[in-house]
Structure formats: structure tokens, C-alpha cells
Amino acid sequence: MGPEIVIPLGSFATAIVLAVGVPLARAYSRRMDAESKNPRIPTEITSRLERMEQAIDSVAVEVERISEGQRFTTKLLSEARLTPEARQIAPTGTSARDRST
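Computed from a prediction, not measured in an experiment: that's the story for all the values here.

What counts, and where the lines are drawn
What you see as residue numbers is a count from 1 along each chain, following the sequence as written. A pLDDT threshold of at least 70 governs which residues receive local features in this predicted model, and a stricter bar of 80 or more applies before side-chain atom pairs are shown or counted, although totals over entire chains, interfaces and linings include all residues. Neither water nor hydrogens contribute to the side-chain values; these are computed over all heavy atoms in the structure. For the purposes of this entry, the term helix denotes a DSSP run of H or I that reaches at least four residues, the term strand denotes a run of E that reaches at least two, and both are numbered from the N terminus. When a residue's accessible area, from a 1.4 Å probe over protein chains only, is under 20% of the maximum for its type it is buried; when over 50% it is exposed; and in between it is partly exposed. With residues, only the protein chains shown are counted as cover, and all accessible areas are computed by Shrake-Rupley using a 1.4 Å probe. Each salt bridge in this description consists of a side-chain nitrogen of Lys or Arg and a carboxyl oxygen of Asp or Glu lying within 4 Å of one another. Only residues above 30% relative accessible area that lack a salt bridge enter a patch, with like-charged residues linked at up to 9 Å and the nonpolar side chains Val, Leu, Ile, Met, Phe, Trp and Tyr linked at up to 5 Å. What pLDDT expresses is the predictor's confidence in each residue, scored from 0 to 100.

### Quick word on the overall build of the protein chain
Line of reasoning, step 1. Within the protein chain, the secondary structure is distributed over four helices and zero strands.
Line of reasoning, step 2. N-terminal to C-terminal, the α/β element order of the protein chain is α-α-α-α.
Line of reasoning, step 3. Relative to its full complement of 101 residues, the protein chain shows a buried share of 1%.
Line of reasoning, step 4. Carbon and sulfur atoms provide 63% of the accessible area of the protein chain, an area that totals close to 9,600 Å².

Below is the structure:
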């Protein structure tokens, strides 16, 4: 094979490699880029996150119950201060004799 045959064959081979290789390289780089944007989370981490979410939800429900109880207690205490019957109750530790003088 002389140089007059090798050079055209080499240029055709280069053109074919570029025509096939460049789109393959671009597709591979796009795939790598897409995987880096959306990483896969292992199943054990996913299940652990679900359990944590359920625990946080149950804690939130309990905190809401506590706050409702505190609001109710505060309402009862504020209403007890406003009623006249609460003012008539004698403080503990005083006798009838102390109240009459």
C-alpha cells in the first residue's frame, strides 16, 4: 500500500470515527450530567427518612394536644379570676375568727 491509498483511507476512517464517536461522547456526557443532578438515594436511607417523617408528624400532633390543653387551662384560670364567686372564697389558713375581725 502506497501513500496515495493510505491517506484517503485514513481520512475516511477519521471521518467515520468522528461521525460515530462525537454523538456517543455527547450522549455519555449528558447522561453523566443528568445523574449528577438527580442522584439515586439508597433504599435504606429512603425508609429511614420515611420513619423520621412519621415520627416528626406524631410529635407535631402531641405538641398540638399539649398546646390545646394549655389554652384550655389558661382560659379556665382567666375565667375564674373574673367570676365573683372566686373572690368570695376565703384563702386557706384563715379561720372564721380572723375573718370577723
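### Side note on the pattern of salt bridges
As a working rule, side chains carrying opposite charge can pair if their charged atoms are close by.
Line of reasoning, step 1. For the structure shown, the criterion picks out five salt bridges.
Line of reasoning, step 2. Residue Asp33 is joined to Lys37 by a salt bridge in which the shortest nitrogen-to-oxygen separation is 3.8 Å. Placement of both Asp33 and Lys37 in helix 1 (residues 3–37) is noted, with a separation of four residues, approximately one turn of the helix.
Line of reasoning, step 3. Using a relative accessible area of 40% as the deciding quantity, one classes Asp33 as partly exposed.
Line of reasoning, step 4. Glu64 serves as the salt-bridge partner of Arg71, at 3.6 Å between the closest nitrogen and oxygen.
Line of reasoning, step 5. A network of salt bridges, in which partner residues are shared, links Glu64, Glu68 and Arg71.

### Thoughts on a nonpolar patch on the surface
Line of reasoning, step 1. Taken together, Ile41, Ile45, Leu49, Met52 and Ile56 make up a surface patch of nonpolar side chains, about 490 Å² in accessible area.
Line of reasoning, step 2. On the secondary structure map, Ile45 appears in helix 2 (residues 43–82).
Line of reasoning, step 3. Residue Ile45 is classed as partly exposed on the basis of its relative accessible area, which comes to 41%.

### Some thoughts on the confidence of the model for the protein chain
Line of reasoning, step 1. Considering every residue of the protein chain, the mean pLDDT works out to 84; 81% of them sit at 70 or more.
Line of reasoning, step 2. At the low end of the mean pLDDT range in the protein chain sits helix 4 (residues 96–100), at 54; at the high end sits helix 2, at 93.

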